[in-house]
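# Overview (structure and organization)
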Amino acid sequence: MTNFKFFMITFKHSGNFNNTESFFKRTKQILARYRSLLERYGEEGVSALAAATPTESGITATSWDYKISTTKSSLKISWTNSNVKDGVPIAVIIQYGHGTGTGGYVQGRDYINPAMRPIFDRIIQDIWAEVTK
(Lines give C-alpha, C1' and ligand atoms only; values in the text may rest on other atoms or scores of the structure.)
Protein backbone atom coordinates (compact mmCIF):
# COMPACT_ATOMS: atom_id res chain seq x y z
CA MET A 1 0.00 0.00 0.00
CA THR A 2 1.38 3.40 -1.02
CA ASN A 3 1.02 6.42 1.19
CA PHE A 4 0.24 9.65 -0.62
CA LYS A 5 0.85 12.98 1.00
CA PHE A 6 -1.03 15.99 -0.20
CA PHE A 7 0.20 19.50 0.26
CA MET A 8 -1.84 22.62 0.13
CA ILE A 9 -0.23 25.83 -1.04
CA THR A 10 -1.96 29.08 -0.25
CA PHE A 11 -1.10 32.48 -1.65
CA LYS A 12 -2.17 35.68 0.00
CA HIS A 13 -1.76 39.04 -1.51
CA SER A 14 -2.64 42.54 -0.60
CA GLY A 15 -2.55 45.64 -2.69
CA ASN A 16 -2.95 45.78 -6.43
CA PHE A 17 -1.10 45.36 -9.68
CA ASN A 18 -1.34 49.00 -10.81
CA ASN A 19 2.44 49.44 -11.19
CA THR A 20 2.78 46.21 -13.15
CA GLU A 21 -0.15 47.05 -15.39
CA SER A 22 1.23 50.55 -15.94
CA PHE A 23 4.63 49.11 -16.88
CA PHE A 24 3.09 46.75 -19.45
CA LYS A 25 0.91 49.50 -20.88
CA ARG A 26 3.96 51.78 -21.35
CA THR A 27 5.92 48.92 -22.89
CA LYS A 28 3.10 48.21 -25.34
CA GLN A 29 2.96 51.90 -26.30
CA ILE A 30 6.73 52.04 -26.81
CA LEU A 31 6.68 48.95 -29.02
CA ALA A 32 3.83 50.45 -31.04
CA ARG A 33 5.90 53.61 -31.60
CA TYR A 34 8.95 51.56 -32.65
CA ARG A 35 6.81 49.47 -34.99
CA SER A 36 5.33 52.64 -36.46
CA LEU A 37 8.85 53.98 -37.10
CA LEU A 38 9.86 50.72 -38.75
CA GLU A 39 6.71 50.72 -40.90
CA ARG A 40 7.58 54.20 -42.15
CA TYR A 41 11.17 53.23 -42.86
CA GLY A 42 10.05 49.99 -44.49
CA GLU A 43 8.09 51.98 -47.06
CA GLU A 44 10.94 54.45 -47.53
CA GLY A 45 13.37 51.58 -48.04
CA VAL A 46 11.13 49.97 -50.66
CA SER A 47 10.93 53.30 -52.52
CA ALA A 48 14.68 53.89 -52.30
CA LEU A 49 15.49 50.37 -53.49
CA ALA A 50 12.99 50.55 -56.35
CA ALA A 51 14.45 53.88 -57.49
CA ALA A 52 18.05 52.63 -57.25
CA THR A 53 17.57 49.22 -58.88
CA PRO A 54 19.06 49.07 -62.36
CA THR A 55 16.24 48.36 -64.76
CA GLU A 56 16.11 46.28 -67.86
CA SER A 57 12.58 45.00 -67.60
CA GLY A 58 11.65 46.80 -64.36
CA ILE A 59 10.50 43.59 -62.69
CA THR A 60 13.23 43.59 -60.03
CA ALA A 61 12.67 47.26 -59.22
CA THR A 62 8.95 46.68 -58.62
CA SER A 63 9.49 43.48 -56.61
CA TRP A 64 10.81 45.08 -53.41
CA ASP A 65 8.90 44.69 -50.15
CA TYR A 66 9.61 44.69 -46.43
CA LYS A 67 8.64 42.62 -43.43
CA ILE A 68 8.65 43.48 -39.74
CA SER A 69 9.17 40.53 -37.41
CA THR A 70 8.42 40.62 -33.71
CA THR A 71 10.08 38.37 -31.16
CA LYS A 72 9.89 38.34 -27.39
CA SER A 73 12.66 40.90 -27.11
CA SER A 74 12.99 42.68 -30.44
CA LEU A 75 11.56 44.08 -33.62
CA LYS A 76 13.35 43.40 -36.88
CA ILE A 77 12.89 44.87 -40.33
CA SER A 78 13.90 43.03 -43.49
CA TRP A 79 13.69 44.13 -47.09
CA THR A 80 13.00 41.45 -49.65
CA ASN A 81 12.82 41.11 -53.40
CA SER A 82 10.52 38.51 -54.90
CA ASN A 83 12.02 38.46 -58.39
CA VAL A 84 13.57 34.98 -58.50
CA LYS A 85 14.40 33.16 -61.73
CA ASP A 86 15.29 29.46 -61.63
CA GLY A 87 15.99 29.77 -57.90
CA VAL A 88 18.30 32.75 -58.38
CA PRO A 89 17.40 36.04 -56.64
CA ILE A 90 17.87 38.62 -59.38
CA ALA A 91 18.43 41.55 -56.99
CA VAL A 92 21.39 39.68 -55.49
CA ILE A 93 23.08 38.92 -58.80
CA ILE A 94 22.63 42.53 -59.91
CA GLN A 95 24.32 43.60 -56.64
CA TYR A 96 27.17 41.06 -56.62
CA GLY A 97 27.53 40.01 -60.23
CA HIS A 98 27.24 36.60 -61.86
CA GLY A 99 28.73 34.23 -64.36
CA THR A 100 27.15 33.85 -67.77
CA GLY A 101 26.27 30.61 -69.49
CA THR A 102 29.07 31.18 -72.00
CA GLY A 103 31.89 31.50 -69.47
CA GLY A 104 31.79 35.27 -69.10
CA TYR A 105 31.16 37.34 -66.03
CA VAL A 106 28.82 40.27 -65.46
CA GLN A 107 30.21 42.69 -62.86
CA GLY A 108 27.87 43.52 -59.98
CA ARG A 109 26.63 47.03 -59.26
CA ASP A 110 26.48 48.20 -55.65
CA TYR A 111 23.07 49.82 -55.70
CA ILE A 112 21.58 48.48 -52.44
CA ASN A 113 24.09 49.92 -49.95
CA PRO A 114 24.05 53.51 -51.26
CA ALA A 115 20.24 53.47 -51.44
CA MET A 116 19.80 52.14 -47.91
CA ARG A 117 22.60 54.00 -46.05
CA PRO A 118 20.55 57.21 -45.51
CA ILE A 119 17.58 55.15 -44.31
CA PHE A 120 19.75 53.18 -41.86
CA ASP A 121 21.22 56.42 -40.54
CA ARG A 122 17.75 57.89 -39.93
CA ILE A 123 16.53 54.68 -38.28
CA ILE A 124 19.48 54.83 -35.88
CA GLN A 125 18.81 58.50 -35.07
CA ASP A 126 15.08 58.01 -34.52
CA ILE A 127 15.39 54.85 -32.45
CA TRP A 128 18.12 56.46 -30.33
CA ALA A 129 15.87 59.47 -29.76
CA GLU A 130 13.06 57.12 -28.66
CA VAL A 131 15.34 55.14 -26.33
CA THR A 132 16.74 58.25 -24.66
CA LYS A 133 13.36 59.94 -24.03
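Residues numbered from 1 in each chain as written. Predicted model: local features only at pLDDT ≥ 70, side-chain atom pairs only at ≥ 80, totals over all residues. Heavy atoms only, no water.

The helix and strand tally for the protein chain stands at three helices and six strands. For the protein chain, the α and β elements follow one another from N to C terminus as α-β-β-β-β-α-β-β-α. A compact globule built from 133 residues would reach a C-alpha radius of gyration of about 14 Å, whereas the protein chain, at 25 Å, exceeds it by more than 25%. C-alpha extents for the protein chain along the principal axes are approximately 80 × 55 × 20 Å. The long-range share in the protein chain, meaning contacts at least 24 apart out of those at least 6 apart in sequence, stands at 49%. Accessible surface, the protein chain as shown: approximately 10,400 Å² in total, 57% of it carbon and sulfur. Positive and negative charge centroids in the protein chain, built from 16 and 11 side chains respectively, lie 14 Å apart. (Helix = DSSP H or I, 4+ residues; strand = E, 2+ residues; numbered from the N terminus. Rg over C-alpha atoms; globule rule 2.2 N^0.38 Å. Contact = heavy atoms within 4.5 Å. Areas by Shrake-Rupley, 256 points an atom, 1.4 Å probe, with all protein chains shown as cover. Lys, Arg positive; Asp, Glu negative; His and termini not counted. Charge placed at Lys NZ, Arg CZ, Asp CG, Glu CD.)

Glancing now at the packing of aromatic side chains. For the structure shown, the criterion picks out two aromatic pairs. Between Phe 23 and Phe 24 the ring centres are 5.4 Å apart and the planes differ by 65°, which places this aromatic pair in the edge-to-face class. Looking at Phe 24, the relative accessible area reads 52%, which means it is exposed. Here the guanidinium or amino end of Arg 40 rests over the ring plane of Tyr 41, the centre of that ring lying 4.6 Å away. (Phe/Tyr/Trp six-rings, centres within 6.5 Å; stacked < 30°, edge-to-face > 60°. Buried < 20%, exposed > 50% of the residue type's maximum accessible area, 1.4 Å probe, protein only. Lys NZ or Arg CZ within 6 Å of the ring centre and 35° of its normal.)

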